[in-house]
Structures are given as C-alpha cells and as structure tokens.
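Residue-level structure breakdown
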Amino acid sequence: MTTTTKMIGQAIKRREDPKLITGQGQFLDDVKLTGMLHAVVVRSPYAHATIKGIDASKALALPGVVAVFTGEDMSDINPLPCAWAAGKVDNNLNTPRALAVGKAMHVGDGVALVVAEDRYIARDAADLVEVDYEPLAVVVDAKKATEPGAPQLHENAPSNIVMDWECGDREKTDAAIAAAEVTVREQIVNQRLIPTPMETRGSVARYEPATGEFTVWMTSQAPHVMRLLLAAFVFGIPETSVRCISPNIGGGFGQKIFVYADMAFTMWAARKLGRPVKFVEDRAENYQSSTHGRDHITDVEIAGTRDGRITGLRIDTLANLGGYLSTIAPGIPTTLYGRITTGVYKIPAAHCRVRGVYTNTAMVDAYRGAGRPEASYLIERMVDRFAAEIGMDPAEVRRRNFIPPEDFPYSNGMGLLPYDSGNYGPALDRALQIVGYDALRAEQAEARKQGRYLGIGLSSYVEICGVAPSAWIGLPGEGWGAGLWESANVRVHLTGKVVVTTGSLPHGQGLETTFAQIVADELGVPYDDVVVEWGDTSGTPFGFGTYGSRSLAVGGTAIVKTVAKVREKAKLLAAHMLEARVEDIVWEDGKAFVKGSPDQVKTLGDIALQAAVAYSLPEGMEPSLDETTYYDPPNCTFPFGTHVAVVDIDADTGAVSLRRYVAVDDVGTVINPLIVDGQLHGGIAQGVAQALTEGAIYDDDGQLVTGSLLEYAVPKASLFPQFETDRTVTRSPVNPLGVKGAGEAGTIASAQAVMNAVIDALQPFGVKHLQMPATSERVWNAMHGGTRGARS
Amino acid sequence: MQIDGEDLLDAPIDCVWQALNDPAVLARCVPGVTALVPTGPDAYDAEIKLAIGPLKGTFKGTVRITEQVPPEAMTLTVDGAAPMGGVNAAGRLALETQGTGTLVRWQAEPKLRGTLATVGARLIGPVSKQQTTAFLKAIEAEARQLASSRR
C-alpha cells in the first residue's frame with residue numbers, strides 16, 4: 001500500500017484477524033512453561049458462610065497433587081486494593097484476599113487452592129478437599145440489604161452501605177420538582193449482567209528465585225496498572241521485580257480491567273513452590289467469581305411543563321457492588337454514572353444520590369459502558385415516560401430539551417468536565433429520516449386497530465469517552481487519586497520500518513490496525529511498514545490500559561504527538577544531510593527534500609540509517625530516531641447520537657421481535673469505518689441483549705441460578721436484524737485527530753431504544769414501564785395483568 | 001422452588017407409617033442409598049448415589065425425621081453434599097386413609113447449592129418427583145408385606 005491515499009478514514013480489514021481467526025493467536029491458556037503446575041480453586045457453594053475448617057488430607061493423598069493452600073497460608077500478602085473509592089465521601093472498603101479467610105461472602109468465593117502436576121488431577125483433587133461451612137443468613141438484593149434486620153456482611157459497613165454519594169444541586173432540584181406542572185415517578189431496575197467475554201480469565205506466574213523476579217501472564221486490559229497494584233499493594237515488593245504480560249485477549253468488556261485473586265495466588269504459589277503456576281477459570285467460575293456489571297435499583301422523578309420542557313430530575317440509586325469491592329467498583333456508579341445522568345438535555349435542576357451496597361453476590365464493576373449505560377437508560381426511559389404523560393411525541397420532547405449547539409462546551413451542573421462538542425438535532429433528524437418515522441407512526445396506528453402491536457423507541461445519548469484528564473479524575477473530588485494519561489513510543493529502524501509501542505493495548509478492538517493507519521498518515525510511510533507492539537510491561541512505557549473508550553482518544557493522540565517529534569527530528573537531520581536550512585525542508589510521503597528541489601530526496605530510511613550510524617549528525621543531536629510521549633488530554637470526549645428501534649410484539653405470546661435497528665452515531669473523526677461499525681454492532685448487540693434476554697439471577701439463598709451459558713441468555717444471531725448505521729461527524733476539539741471514541745457507544749445507546757419501543761408497543765395496554773429483560777413472559781403478563789407483570 | 005405431589009399406596013396407613021419409620025426399610029427403599037447409619041433417635045448418616053441429568057455423584061449427608069404425628073404426618077429433612085453441589089430439603093409427608101389404601105401427599109422445598117443450583121435447577125423438579133414416587137412405590141411394597149404378615 002502506498003501513502004498517496006490517506007489511510008485515515010479507510011475501511012481496511014483488521015491486520016490482526018488472520019492470526020486470531022486461524023488459531024494462531026497466543027492466548028493466556030496457550031502459555032506453557034517448563035515445569036509448570038496447574039491450580040484449581042475450591043469455591044464456596046454457600047453465598048455466606050463461616051469457614052470452620054478445611055481438611056485437605058484426601059486431596060493431598062491423590063498422586064500428582066503438589067500442595068493445597070488456604071487463605072491463612074497466604075496471610076503474608078495483602079488483600080487486593082480498591083483503587084477507586086467514591087470521591088469526597090467515606091467509603092467502607094472491604095476487598096477480597098487471594099483466598100477467603102474465615103468467611104465466604106458469595107457463591108464461588110475462593111476458599112482453597114489445589115496445585116497439581118496437571119489440570120485434571122487438580123480438578124479431581126479439588127473435589128476431595130473437605131470444607132466445614134457454617135451457613136449464615138444471606139442477602140442478594142441491594143434494597144433488602146439496606147433494610148433493618150438484613151444480615152450484616154462487614155463490620156465496618158452498617159446497613160451494608162459502601163458509600164453514600166451525591167452530585168448536582170439537591171435544594172434547587174427539590175424546589176423545581178415541588179413547583180413543577182408535571183412530575184413522573186418511577187422505579188427503574190438496571191438488572192445485573194455477566195460480561196461473558198469469549199475467553200475466560202486466568203494467570204500464569206513464574207518466579208525466579210535467583211533474582212526475586214516475577215513474570216505474570218494475565219488476561220488483563222491494563223498490565224501496567226496490574227504490575228503497580230500487585231507489586232506495591234498486594235506483595236509489597238518493588239515494581240521492578242514484576243513483569244506483566246497481556247497476550248492476545250479474547251474480549252474483555254471491562255471484566256479484564258481489574259486485579260483478581262488468581263493473579264495474586266499464582267504469584268504466591270509460584271514463589272512458594274519454585275515452579276510456574278497456571279490458573280485458567282472455566283465458564284462456571286467466570287460466572288460465579290469474575291465481575292458482573294450494572295445492578296442498579298433507582299427511584300427517579302422527572303419534572304417538567306405541559307409544553308414539554310424538562311425542569312428537574314431527581315435520582316436515588318442503590319448500586320449493588322457485591323460481597324467485596326472490585327478494583328474500581330465505587331467509581332463506576334458515581335463519577336461515570338451520576339455525573340452524566342442528565343444526558344443530552346439541558347436540565348436546569350438535577351440531583352443524583354448513589355449508595356453502594358454490599359450483598360452476597362459476585363463483585364460488580366465496569367462492564368462495557370460502565371455507569372453510562374445505566375445513566376442513559378435511566379434518563380431516556382424517563383424522557384419517554386414524561387412524553388407519554390404530557391401526550392407529546394417523544395422525538396419532539398427530545399428536540400425541545402437538547403443542549404443547543406451554541407452552548408458547547410457545556411457544563412451539566414453534575415460535576416463533570418464540560419461536554420466538548422455536540423450537535424444533537426441532526427443525528428436525531430437523520431435517524432428518524434432513515435427509519436421513516438412518520439410512516440411508522442401511521443403504520444402503528446393502523447396496526448393497533450387490527451390488534452397488532454408495533455413499537456418505535458428512541459434513544460438520544462451522550463457518553464464520556466477518553467476517560468483521562470488527570471487534573472480532573474486525579475483530584476480528590478473524583479476519588480481516583482491517580483493520573484490517567486497514556487504513553488507512546490515510536491522508533492524508526494535502520495531500514496525505515498516503524499515500531500510503535502503503546503501503553504494501551506487491544507483486547508479485541510483492532511488497535512494494531514487503527515494505530516498503524518494513523519502513523520502511516522502522520523509520518524507518510526506505507527501502512528505495512530508500521531508495526532504496533534503492546535501488552536508487555538518490560539517492552540512498553542507505563543500506560544493505563546484499555547477501557548472507557550480511551551485507547552484512541554488518549555493512546556492514539558499520544559502516538560500522534562510522538563510521530564510529530566520523530567518527524568521534526570527527521571527534518572532536522574535531513575536538513576543536515578541536504579545541507580539546507582530546516583525551514584526549507586518539505587516533508588511529504590515519508591520523504592524530505594529542499595523546497596523547490598523535489599528530485600533530491602532523503603527517505604525516512606535514509607534518515608533513520610544516518611541517525612543510527614550517527615557518524616555525521618548535526619551538533620548536539622542524539623543518535624537514533626526514537627521518541628516517547630506521555631499524553632494527558634485536557635478533557636474527556638463526548639460522543640453522541642440517536643438510535644431507533646422498531647419492534648413487533650406477538651399478541652398471543654408476548655414475544656418481542658426486533659424488526660429494525662437504526663443507529664446514527666457521532667464519534668468524531670473516524671479512522672477506520674469498518675472497525676467503528678464493528679464496535680457499534682457488538683455494542684448494540686450487548687445492549688439489545690440486556691433489553692430482551694440477559695439477566696443474572698441469584699435465588700434468595702444466593703445461588704447463581706444463571707450459572708452457565710445454558711441459563712444465562714447471551715443473545716443469538718437470530719435476535720438481530722441487520723443494523724442500519726450512519727454517522728454525523730462533529731470533530732472533538734480535545735485532540736488533534738478530532739476523535740471521540742466508539743468502543744462503548746453501541747451499548748450505551750441501545751437498551752433503552754429497544755425498551756422504549758417495547759413499552760411504546762404496549763401503550764394500548766396501559767403499560768407505562770417494564771423492567772428489563774422484556775421476555776415474552778414479562779410482556780405477556782404486562783399485556784394481561786396491567787401493572788402486575790409490568791413492575792416485577 | 002416448591003415441589004409437591006401425591007401418590008396412592010395400596011396398603012393400610014399404619015403399615016405405611018411403620019415402614020416409613022424403620023431404618024432398615026428406609027435403607028432398602030430410598031433410591032440409591034448405599035449406607036444409612038442411625039446416629040440417634042430418628043437421625044441417620046446417609047450415603048446416596050444420585051444422577052440429576054448430566055450430574056452424577058455420591059451425596060454424603062444426614063437424614064432426620066421430625067414433627068411426627070403418628071400415623072398422619074412427618075417431616076423428612078435431608079442435607080447432603082457431593083462434589084457437584086449440595087441439597088438441603090425438608091419434605092413434609094401427610095398420610096390419609098383412602099379406601100383400603102393410603103394417600104400420601106408430599107411437598108418439599110429443596111435448596112440447592114453449587115453446580116446443582118445452576119445446571120441441576122431445571123432438572124431437580126422432575127427428578128425429585130420421580131425419586132419420591134420410586135421411594136413410595138418401594139414403601140408400598142414393604143407396607144403390603146407388613147400387612148400380609150399381620151394377617
């Protein structure tokens with residue numbers, strides 16, 4: 001490929017795919033080391049129990065078993081840290097240890113570790129470990145957990161409250177709601193979801209007794225952060241003695257951001273036994289003990305005028321955070337949820353209170369969208385409720401309350417950095433035009449006369465991408481207490497080939513391709529000459545990893561800035577080589593020449609060679625074309641758009657079928673439309689699945705009823721129509737590329753589009769709200785029992 | 001989850017009652033029992049081989065008989081654990097003469113844990129019904145024998 005065609009904006013296929021789809025990828029379970037042992041965890045079958053004793057004698061007697069460890073054995077290392085407490089409030093922190101000590105807090109909590117010569121022996125031996133449990137009272141529901149008489153899970157957390165946090169203006173909001181012409185109240189549940197990456201999680205740890213160094217392979221979206229947390233917080237050893245490597249990752253969706261027990265216990269056991277130790281969870285373990293997402297119960301009121309102006313929004317959310325706190329659990333329902341609950345609307349008075357709650361369930365942390373899907377679902381459902389209440393078309397209510405384009409940068413009064421840029425009307429208009437809104441409304445009216453139920457649902461969303469600015473997120477106000485910048489290194493080899501290393505990394509989203517496209521344009525070199533490296537803490541500069549749709553807006557910008565440094569140095573050296581002034585050097589297509597003399601060129605390869613051999617460099621210039629940047633952006637980015645879902649409901653069975661799905665998104669500049677569409681498709685599928693099929697269910701005893709792929713309803717392809725995607729482009733002023741981010745937008749926008757459509761279809765039955773997922777049973781009950789089924 | 005059912009046994013109520021309270025009879029009648037060792041009045045340590053769909057295993061646990069109202073009612077509480085998970089169930093049996101036979105109404109609320117709670121949950125209903133019916137069929141045979149030996 002030549003660079004005369006711009007690479008940015010090209011829909012080229014992902015360069016990583018041939019490897020990944022032909023079984024040539026190197027995933028965690030492909031790591032095989034000499035002398036490696038295999039670990040299997042004995043997990044609590046009780047949701048809440050005292051561990052009275054552990055008898056491992058039978059397990060130890062099984063040939064091939066090397067050791068059985070308990071939580072007490074590992075008491076020389078610290079509990080896993082919670083790295084993001086909610087800002088400005090007390091947080092009653094309780095985090096898990098490598099293995100539970102004394103008490104199991106949820107089904108699947110790790111109680112003992114069996115280490116054996118192979119995985120099968122370890123698995124069999126785990127069944128032979130006899131644990132004496134004393135079952136304790138259990139609570140799984142966030143609301144019940146806060147009520148008097150509920151079992152108390154942690155001594156430092158009265159009423160099981162983790163934290164009580166708020167944002168916005170309480171007094172002004174109370175006044176606005178008290179004075180409103182119209183108020184609508186609802187209890188909205190955002191059900192618990194299980195992220196379900198195709199590849200489950202795991203760790204392989206190796207310890208070198210001679211040097212005291214660990215190497216840990218991990219399914220992590222943030223290996224540098226893991227190194228920091230494991231070294232400094234869990235083991236109390238220097239960061240220099242831990243190397244973390246993320247190999248290929250088969251999807252993460254947030255579940256692979258966090259520090260997990262298996263990272264700690266494989267390291268601990270490898271050091272103890274002097275042999276490498278591997279742990280890979282099976283699907284049931286992933287479901288029981290890796291993190292879940294969402295799980296909010298919210299009482300919400302929206303207030304407004306009869307002519308469709310929203311005047312107030314009051315939110316009170318209980319966020320179920322599980323039996324312990326995962327790495328960034330309190331930050332998700334606060335900073336990434338409460339602060340964006342006003343959505344795309346100019347709401348003069350809003351207040352959001354969030355209480356995090358402990359329950360006897362798996363930990364809840366970021367899951368694709370992380371807080372923002374919960375926020376956009378809430379506001380978009382309530383805008384529809386309000387529209388229905390005043391009898392106005394939901395599209396019109398949205399239009400009347402959109403933040404107008406002239407108000408950007410816009411502060412929403414909820415403590416967020418200003419929305420960078422936006423123009424919400426055109427995306428809504430475009431979506432309505434594509435779907436044929438007026439014709440559909442006419443069809444709907446006609447269908448109702450014939451006893452057919454068709455629904456149209458809108459979702460106008462805004463989200464927070466490129467989560468970074470250290471000056472904001474690092475302030476005590478947000479509780480994060482660290483930066484969130486990103487790094488890049490670009491070096492040009494002697495032959496002119498370019499190697500880019502990023503502190504971010506791909507976990508399935510094609511960053512090798514996207515980043516190479518950017519470098520090809522910015523440096524003017526062939527796309528195929530750019531190699532992108534990532535994922536190894538000893539091979540890449542420190543970086544914060546991949547989440548919050550930040551890899552492109554933050555990591556990509558770090559690369560752009562680094563390439564600029566390389567280009568400037570190359571020009572300086574070219575000037576020296578061509579015996580000209582640098583001001584007269586033109587850089588074009590990866591070549592330098594003196595203005596007016598395009599025949600005499602120095603290619604990037606010529607310059608790189610000169611820089612490397614270094615026998616003739618300008619005075620004071622260092623050898624080598626090799627530059628690094630640590631980039632901290634001034635703001636987040638705020639992608640937006642409107643999605644429209646059209647559903648048909650079977651009057652006999654209540655089954656919902658998704659007839660059409662239109663998505664008009666504005667993610668700023670698009671580097672690779674194919675990848676952006678791919679990200680949106682996957683994201684939309686996950687959001688639609690939340691609306692129609694998915695939901696993690698615990699019974700009252702804390703047993704995870706949806707404990708495998710048989711019971712947990714991950715969507716099938718047959719659920720979806722062809723998605724109709726289109727875009728508007730509003731460049732982000734925050735970064736030179738003008739990009740916003742696309743990794744989570746689909747999920748953030750879609751659940752409410754579908755639910756608004758379902759509830760719109762059920763309007764003739766007097767249904768005002770329905771909790772997700774809209775299974776045929778729930779819909780049928782709503783059609784036949786009015787609110788009885790609707791509120792369940 | 002609540003499961004219940006009723007079975008009509010062709011044996012007089014006092015014989016059914018006697019069979020139900022005899023450890024030796026119970027050991028013969030409970031499907032899959034490989035050991036039933038009395039540990040006190042109306043309390044036993046039990047070992048039961050059981051298959052619930054794809055899940056097969058040997059449950060070790062306890063059986064207790066409480067709330068006896070001869071010959072009309074009793075509560076059978078079973079607590080067992082196997083590698084695939086555990087079950088705790090209190091089953092209430094109500095006996096009533098019907099003609100020359102005995103109608104047994106039963107209800108139980110099994111609480112499952114571990115893999116059983118997920119993979120087994122959808123199967124436990126039918127399996128419990130089948131096992132209970134098999135158990136009562138065997139009790140019926142024992143009770144009929146008791147009845148004929150009395151004559």
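Our structure's up above, just so we're on the same page.
Quick caveat, the model's predicted, so the values are computed rather than measured.

1. Re the overall build of chain B
- Counting its regular elements, chain B contains 4 helices and 8 strands.
- Starting at the N terminus, the α and β elements of chain B follow one another as β-α-α-β-β-β-β-β-β-β-α-α.
- In terms of C-alpha radius of gyration, chain B reaches 15 Å, essentially the compact-globule figure of 15 Å for 151 residues.
- Dimensions of chain B, computed from the C-alpha atoms along their principal axes, are close to 50 × 30 × 25 Å.
- Classification of the 151 residues of chain B by burial places 46% in the buried group.
- Of the contacts made within chain B by residues no fewer than 6 positions apart, 52% connect residues no fewer than 24 positions apart.
- Mean positive and mean negative side-chain charge positions of chain B (15 and 16 charges, respectively) differ by 6 Å.

2. What about the packing of helix H9 (residues 372-390) of chain A against helix H18 (residues 745-761) of chain A?
Residues and elements named next belong to chain A.
- One way to put it is that H9 packs onto H18 with a least axis distance of 8 Å and a crossing angle of 30°. Judged on the interaxial angle alone, H18 and H9 are roughly parallel. Where H9 crosses over H18, the handedness of that crossing is right-handed. Only Thr 747, Ile 748, Ala 751, Gln 752, Met 755, Asn 756 and Ile 759 of H18 make contact with H9, whose side of the interface consists of Arg 372, Pro 373, Ser 376, Tyr 377, Glu 380, Arg 381 and Asp 384.
- Here the residues of the contact of H9 with H18 sort into 6 nonpolar, 4 polar and 4 charged.

3. Quick notes on the packing of aromatic side chains
All names here are of chain A.
- By the definition in use, this model includes 21 aromatic pairs over all chains.
- A centroid spacing of 5.7 Å and a plane angle of 55° characterise the contact between Trp 485 and Phe 542, whose relative ring orientation is tilted. Residue Trp 485 is found in the loop between helix H13 (470-473) and strand E17 (486-492), and its partner Phe 542 is found in the loop between strand E19 (530-534) and helix H15 (551-577); the two are separated by 57 residues along the sequence.
- Ring centres of Trp 485 and Phe 544 lie 5.1 Å apart, and the angle between their planes is 85°; this geometry places the pair in the edge-to-face category. Of this pair, Trp 485 sits in the loop between H13 and E17 while Phe 544 sits in the loop between E19 and H15, and the two are 59 residues apart along the sequence.

4. Some details on the interface of chain B and chain A
- Chain B puts 9 residues into the contact, and the matching count from chain A is 11 residues.
- The junction of chain B with chain A conceals about 910 Å² of combined surface from both sides, 51% of it contributed by carbon and sulfur atoms.
- Joining chain B to chain A, the criterion identifies 1 salt bridge.
- Here chain B is connected to chain A by 2 residue pairs in polar contact (both at pLDDT 80 or more).
- Residue assignment for the side of chain B that touches chain A shows that the elements contributing at least two residues are strand E8 (111-113) and helix H3 (115-118) of chain B.
- In terms of residue class, the side of chain B that touches chain A is built from 4 nonpolar, 2 polar and 3 charged.

5. Thoughts on the sheet that holds E19(A)
Residue and element names in this part refer to chain A.
- Judged by pairing direction, the sheet is mixed, and its 4 strands sit side by side in the order E19-E18-E17-E23 without closing on themselves. Strands with a single pairing partner mark the edges of an open sheet, and in this sheet they are E19 and strand E23 (625-631). Across this sheet, the average inter-strand angle for adjacent strands is 15°, counted without regard to direction.
- As paired strands, E17 and strand E18 (residues 498-502) are joined by 5 bridges and run antiparallel to one another. Across the sheet, the residue bridging to Val 490 is Val 500, located in E18.
- Along the sheet, H15 makes contact with E17, E18 and E23, crossing E23 at roughly 145°.

6. Details of the sheet that holds strand E9 (residues 202-208) of chain A
Residues and elements named next belong to chain A.
- Judged by pairing direction, the sheet is mixed, and its 7 strands sit side by side in the order E3-E5-E1-E12-E9-E10-E11 without closing on themselves. Looking at strand neighbours, the two that pair on one side only are strand E3 (65-70) and strand E11 (242-245), the edges of this open sheet. Looking at each pair of strands side by side, their axes are set apart by 20° on average, direction ignored.
- Where strand E1 (residues 37-43) lies against strand E12 (residues 277-280), 2 bridges are found, and the strand directions are parallel. Pairing of Leu 37 across the sheet is with Val 277, part of E12.
- Set on the sheet, helix H3 (residues 119-128) makes contact with E1, E3, strand E5 (110-116) and E12; between it and E1 the angle comes to about 25°.
- Here helix H7 (residues 261-273) sits on the sheet in contact with E1, E3, E5, E9, strand E10 (213-218), E11 and E12, set at roughly 30° to E9.

7. Thoughts on a nonpolar patch on the surface
- A surface patch of nonpolar side chains, amounting to about 430 Å² of accessible area, comprises A:Leu494, A:Leu609, A:Val613 and A:Tyr615.
- Mapped onto the fold, A:Val613 is located in helix H16 (residues 604-613).

8. Remarks on helix H6 (residues 223-235) of chain A
Residues and elements named next belong to chain A.
- In terms of burial, H6 is largely enclosed, as 10 of its 13 residues are buried.
- Three or more residues of H6 are buried, namely Pro 223, His 224, Val 225, Met 226, Arg 227, Leu 229, Leu 230, Ala 231, Val 234 and Phe 235.
- In this structure, the buried side of H6 is in contact with E10, E11 and H7.
- Looking one or two places after H6, you find Gly 236, whose phi comes out positive at around 65°.

9. Some details on the packing of H9(A) against helix H10 (residues 394-401) of chain A
All names here are of chain A.
- Two numbers describe how H9 lies on H10: the axes approach to 9 Å, and their chain directions differ by 115°. As judged from the angle between their axes, H9 and H10 are roughly perpendicular. The interaxial crossing formed by H9 with H10 has right-handed handedness. Residues Glu 380, Val 383, Asp 384, Phe 386, Ala 387 and Ile 390 of H9 form the contact with H10, whose participating residues are Pro 394, Val 397 and Arg 398.
- Here the contact of H9 with H10 is composed, by residue class, of 6 nonpolar, no polar and 3 charged.

10. What to know about the state of the cysteines
All names here are of chain A.
- Evaluation of the coordinates by the stated rule reveals 0 disulfides over all chains.
- Of all cysteine sulfurs, the one in Cys 352 lies closest to Cys 82, which takes part in no disulfide; the gap is 19 Å.
- Cysteine Cys 465 shares no disulfide, and the gap to the nearest cysteine sulfur, in Cys 636, comes to 8.9 Å.

Rules of the game
- Residues numbered from 1 in each chain as written.
- Chains lettered and ligands numbered in written order.
- Predicted model: local features only at pLDDT ≥ 70, side-chain atom pairs only at ≥ 80, totals over all residues.
- Heavy atoms only, no water.
- Helix = DSSP H or I, 4+ residues; strand = E, 2+ residues; numbered from the N terminus.
- Rg over C-alpha atoms; globule rule 2.2 N^0.38 Å.
- Buried < 20%, exposed > 50% of the residue type's maximum accessible area, 1.4 Å probe, protein only.
- Contact = heavy atoms within 4.5 Å.
- Lys, Arg positive; Asp, Glu negative; His and termini not counted.
- Charge placed at Lys NZ, Arg CZ, Asp CG, Glu CD.
- Axes fitted to C-alpha atoms, helices over the stretch in contact; angles between N-to-C directions.
- Parallel < 35°, antiparallel > 145°, perpendicular 65-115°, else oblique.
- Left-handed = near helix turned anticlockwise from the far one by under 90°.
- Nonpolar A, V, L, I, M, F, W, Y, C, P; charged D, E, K, R; others polar.
- Phe/Tyr/Trp six-rings, centres within 6.5 Å; stacked < 30°, edge-to-face > 60°.
- Buried area = accessible area lost by both parts, 1.4 Å probe.
- Salt bridge = Lys/Arg side-chain N within 4 Å of Asp/Glu carboxyl O.
- Polar contact = N/O pair within 3.5 Å; in protein donor to acceptor, adjacent residues only side chain to side chain.
- Pairing = 2+ DSSP bridges.
- Patch = residues over 30% accessible without salt bridge, like charges linked within 9 Å, V, L, I, M, F, W, Y side chains within 5 Å.
- Areas by Shrake-Rupley, 256 points an atom, 1.4 Å probe, with all protein chains shown as cover.
- Disulfide = S-S within 2.5 Å.

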